[in-house]
Amino acid sequence: IASPFGLSYIPGQWLESIQIAKGPSSVVNGLEAITGQINMEHRKPKAEQPLFLNLFVSNVLRTEMNIATSLQINKKWSTVALGHFSTDPLSHDGNSDGFRDEPLSTQFNLSNRWLYVSDKGLQIRFGFKALSDSRVAGMHDFKKGDPVTRDMWGSEIGNKAINGYFKMGVPLTEDNSRSIAAVIDYNYHQLNSFFGLKKYDATQNSSYINLMFQNQVDEHNRYVIGLSSQYDLIDETFVQRRFLQSGEIEPVNTLTPGREEGAVGLYGEYNYSLDDKITVVTGLRLDYNNLHGW
């Protein structure tokens, strides 16, 4: 349910880089990787930049503030804290049609990421990210909290979300040629909105788990086998309303099209590389989805 807002919930100043895989990607990345993927590398706890501060104000008072601070607590523990605030506080009506050209908005983002590295190579990464976003659109004179009337069309959109993740890598040999790893990720997102007489509310709970074993046979040959699962629970409510003669609003029709979808899969991938000249990747994956079967 966050997809309409795209990358606007990933502050650009939080990122180190973005990698794009076009078309079928690695089977390690799940059944949805067949359509391609976008990987966003956040600033790391061990970043060499201990403090980064970015402030921006435009002539229409678009305001942004980003902060990132990395801290090496000791030899094993490090952390990075990331903060973002942005707002569009002024109404714009360039074509003078009585409607705002873009919503009034206020967004807060907060993230904290941790890294633990033991003397024997064990790595643990975990952290959280929280979001609050508020938008008000519609006619130029419509304000947050105002009721919709026959003469005043308005819209409000409110998003709240939280994400938590845990990653662990355990070397099974001193040279780290064999290792096991686990990735666990959870997302909660709540959306409350109305567009004139139409209301749309939704909540989404999503979880992802990936367990894998990797073996670097020699400098040319490597394989990975693993098990992964994904689960989405989406509750949606659409309400169509209408005006009564008295001017009050009553619901006419309510739809609840949400879904519960889960998938679990096994995969294996073999990688052959010859220096920097040739790389061959072969993968096989089998998944069961409760809505679509095998």
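Overview of the structure. These figures come from a predicted structure and were not determined experimentally. (Residues numbered from 1 in each chain as written. Predicted model: local features only at pLDDT ≥ 70, side-chain atom pairs only at ≥ 80, totals over all residues. Heavy atoms only, no water.)

### Considering the overall build of the chain
Formally: Secondary structure elements are defined from DSSP: runs of H or I of at least 4 residues count as helices, runs of E of at least 2 residues count as strands, and each element is numbered from the N terminus. Here's how the labels work: a residue is buried when its accessible area is under 20% of the maximum for its type, exposed when over 50%, partly exposed in between, all with a 1.4 Å probe on protein chains only.
Helix and strand counts for the chain stand at 0 helices and 14 strands. The order of α-helices and β-strands along the chain, N terminus first, is β-β-β-β-β-β-β-β-β-β-β-β-β-β. Judged by the C-alpha coordinates and their principal axes, the chain covers about 80 × 50 × 35 Å. For the chain, the proportion of its 294 residues judged to be buried stands at 33%.

### Comments concerning empty space enclosed by the protein
Selection criterion: Only protein atoms enter the 1 Å grid used here. Points where a 1.4 Å probe fits but cannot escape make up a cavity, open sets with protein on both sides within 12 Å along at least five of seven lines make up a pocket, and a residue lines them when an atom lies within 4 Å of a point. Grid points are joined across faces, edges and corners, and a volume is the space filled by probe spheres set on the points. Following the grouping adopted for this structure description, the nonpolar residues are Ala, Val, Leu, Ile, Met, Phe, Trp, Tyr, Cys and Pro, the charged ones are Asp, Glu, Lys and Arg, and the polar ones are all others, Gly among them.
The full count for this structure, using the stated rule, is 2 cavities of 30 Å³ or more. In this model, the largest cavity occupies a volume close to 50 Å³. Taken together, Gly 30, Leu 31, Tyr 208, Ser 228, Ser 229, Gln 230, Ala 263, Arg 285 and Asp 287 form the lining of the largest cavity. Those elements that place two or more of their residues in the lining of the largest cavity are β11 (221-243) and β14 (278-289). When residues in the lining of the largest cavity are grouped by element, the largest group, 3 residues, is from β11. A breakdown of the residues in the lining of the largest cavity according to their chemical character gives 3 nonpolar, 4 polar and 2 charged. Estimates place the volume of the second largest cavity at around 30 Å³. What lines the second largest cavity is Arg 43, Ala 47, Gln 49, Phe 52, Ala 68, Thr 69 and Ser 70. Counting residues per element, the lining of the second largest cavity draws most heavily on strand β4 (residues 63-72), which supplies 3 residues. For the lining of the second largest cavity, the residue count by class is 3 nonpolar, 3 polar and 1 charged.

### Section: the layout of surface pockets
Roughly 220 Å³ of internal volume is contained in the second largest pocket. In this structure, the second largest pocket is lined by 14 residues; those nearest its centre are Ser 8, Arg 62, His 84, Ser 86 and Gln 107. Of all the secondary-structure elements, those providing two or more residues to the lining of the second largest pocket are β4, β5 (77-88), β6 (104-117) and β7 (123-138). A per-element tally of the lining of the second largest pocket places β6 first, with 3 residues. Grouping the constituent residues of the lining of the second largest pocket by class yields 1 nonpolar, 9 polar and 4 charged.

### Quick look at the nonpolar core
This is how it is decided: To define a nonpolar core, start from buried Ala, Val, Leu, Ile, Met, Phe, Trp, Tyr and Cys residues and group those joined through side-chain atoms within 4.5 Å.
Of all hydrophobic cores here, the largest spans 10 residues; its members are Ile 1, Phe 5, Tyr 9, Leu 131, Ile 157, Ala 161, Leu 191, Tyr 200, Ala 202 and Ile 234. Of all elements in the fold, only β8 (154-171) and β10 (198-216) reach the threshold of two or more residues within this core.

### What about the packing of aromatic side chains?
Aromatic rings in a pair are described by how distant their centres are and how their planes are angled relative to each other. Put simply, the test is: Only the six-membered ring of Trp is used, alongside the rings of Phe and Tyr, when aromatic pairs are assigned; centres must lie within 6.5 Å, and planes under 30 degrees apart are stacked while those over 60 apart are edge-to-face, with the rest tilted.
As enumerated under the stated definition, the model contains 11 aromatic pairs in all. Look at Trp 77 and Trp 114: their rings are 6.1 Å apart centre to centre, the planes differ by 75 degrees, and that puts the pair in the edge-to-face class. Taken together, the residues Trp 77 in strand β5 and Trp 114 in strand β6 connect sequence positions 37 residues apart. Residue Trp 77 is classed as partly exposed on the basis of its relative accessible area of 31%. Taking the centre distance of 6.3 Å and the plane angle of 75 degrees together, the rings of Trp 77 and Phe 126 count as edge-to-face. Of the two residues, Trp 77 is situated in strand β5 and Phe 126 in strand β7; the sequence distance between them amounts to 49 residues.

### Quick look at the environment of Glu 269
What counts, and what does not: Contacts between residues were defined by any pair of non-hydrogen atoms, one from each residue, lying within 4.5 Å. For this analysis, a polar contact is any N or O atom pair within 3.5 Å, provided that within protein one partner can donate a hydrogen and the other can accept it, and provided that sequence-adjacent residues contribute only side-chain to side-chain pairs.
Here Glu 269 is to be found in strand β13 (residues 259-274). In sequence terms Glu 269 and Arg 285 are 16 residues apart; their C-alpha atoms lie 8.6 Å from each other. Residues within four places of Glu 269 in sequence aside, it is in contact with Ser 26, Val 27, Val 28, Arg 222, Tyr 223, Val 224, Val 281, Thr 282 and Gly 283. Within the structure, Glu 269 has its side chain in polar contact with the side chain of Ser 26 (distance 2.7 Å).

### A word on the side chain of Asn 54
With respect to the element layout, Asn 54 can be found in strand β3 (residues 51-57). Taking the relative accessible area as the measure of exposure, Asn 54 reaches 18% and is therefore buried. What Asn 54 contacts, discounting residues up to four positions off in sequence, is Gln 13, Glu 64, Met 65 and Asn 66.

### As for the environment of Arg 100
Among the secondary structure elements, Arg 100 is positioned in the loop between β5 and β6. The exposure class of Arg 100 is buried, given its relative accessible area of 11%. As for Arg 100 and Leu 90, which are separated by 10 residues in sequence, their C-alpha atoms are 9.6 Å apart. Residues within four places of Arg 100 in sequence aside, it is in contact with Ser 91, His 92, Val 136, Ala 137, Gly 138, Met 139, His 140 and Phe 142. Polar side-chain contacts of Arg 100 include one of 2.7 Å to the side chain of Ser 91. At 2.5 Å, the side chain of Arg 100 and the backbone oxygen of Phe 142 are in polar contact.

### Some thoughts on the pairing of β7
Basically, it comes down to this: DSSP-based pairing: two strands are paired if at least 2 bridges between them are found.
One ladder, built from 14 bridges, connects β6 with β7; its direction is antiparallel. By the bridge assignment, Leu 110 is partnered in β7 with Ala 130. What sits between β6 and β7 in their antiparallel hairpin is a turn of 5 residues, with Gly 121 showing a positive phi close to 100 degrees. Looking at chain direction, β7 and β8 are connected through 16 bridges and run antiparallel. Bridge pairing links Gly 138 to Gly 154 in β8.

Any functional reading would require information beyond the geometric quantities listed.
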